[in-house]
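A structural walkthrough
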Amino acid sequence: MASLMPAAMRMADLQRDVGLALPAIANNCDVLSFQEGVLTLAVPSSAVAARLKQQLPKLQATLLARGWQVNSTRLKVQVTRAMPQRPEPRVLELPSTAVEAFEELGESLPDTPQNAALVAAVKRLAAKRRSG
């Protein structure tokens, strides 16, 4: 284990420097290897690979400035790597008192041509929240 520690630390440092160079893409790529000046990165999809290819000159320049002798970069699509999960959309939950207030508002608004669309919208909102 002791002989693997320096190599693991070196890879962790390189991963950190890749993240500093490309913070927007860093969560979507992992350093697979760095041998003889060739940096190999794992990406989860070809779309991420295409975006990363556009950023390779910036990545290589930043890594060279930080002391890494990167001559070329290879990308490997690793389909088993999970894409970041998208956050669940929030669902608006209205308390029953709010739904009742909307129902009362729909009934209490004057029945005029100017209010027709508003009354219909308020009643639809209350009905939807009552059934949902």
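In case you missed it, the structure is sitting above this.
Residues numbered from 1 in each chain as written. Predicted model: local features only at pLDDT ≥ 70, side-chain atom pairs only at ≥ 80, totals over all residues. Heavy atoms only, no water.

Side note on the packing of helix H3 (residues 96-108) against helix H4 (residues 116-131)
The contact between H3 and H4 brings their axes to 8 Å, and the two run at 150 degrees. As summarised for this structure, H3 and H4 are arranged roughly antiparallel, according to the angle between their axes. Two packed elements cross with a definite hand, and for H3 against H4 that hand is left-handed. Two secondary-structure elements touch here, H3 through Ser96, Val99, Glu100, Phe102, Glu103, Leu105, Gly106 and Glu107 and H4 through Val119, Val122, Lys123, Leu125, Ala126, Arg129 and Arg130. Looking at the contact of H3 with H4, its residues break down into 7 nonpolar, 2 polar and 6 charged. (Axes fitted to C-alpha atoms, helices over the stretch in contact; angles between N-to-C directions. Helix = DSSP H or I, 4+ residues; strand = E, 2+ residues; numbered from the N terminus. Parallel < 35°, antiparallel > 145°, perpendicular 65-115°, else oblique. Left-handed = near helix turned anticlockwise from the far one by under 90°. Contact = heavy atoms within 4.5 Å. Nonpolar A, V, L, I, M, F, W, Y, C, P; charged D, E, K, R; others polar.)

Focus on the packing of aromatic side chains
Tallied over the full model, the rule gives 1 aromatic pair. The interplanar angle of 80 degrees and the centroid separation of 5.8 Å between the aromatic rings of Phe34 and Trp68 together place this pair among those described as edge-to-face. Of this pair, Phe34 sits in strand E1 (residues 30-35) while Trp68 sits in the loop between helix H2 (46-65) and strand E3 (72-77), placing them 34 residues apart in sequence. The exposure class of Phe34 is buried, given its relative accessible area of 11%. Trp68 gets classed as buried once you look at its relative accessible area, which sits at 11%. (Phe/Tyr/Trp six-rings, centres within 6.5 Å; stacked < 30°, edge-to-face > 60°. Buried < 20%, exposed > 50% of the residue type's maximum accessible area, 1.4 Å probe, protein only.)

A look at the sheet that holds E1
Taking strand neighbours across the sheet as the criterion, the 3 strands line up as E1-E2-E3 in an open arrangement whose pairing is mixed. With partners counted over all chains shown, the strands left at the sheet margins are E1 and E3, one partner each. For this sheet, the mean angle separating the axes of adjacent strands, direction not counted, is 20 degrees. Together, E1 and strand E2 (38-43) form the strand contacts of helix H1 (residues 5-21), whose direction differs from that of E1 by roughly 120 degrees. On the sheet, H2 packs against E2 and E3 and is oriented at approximately 155 degrees with respect to E3. (Pairing = 2+ DSSP bridges.)

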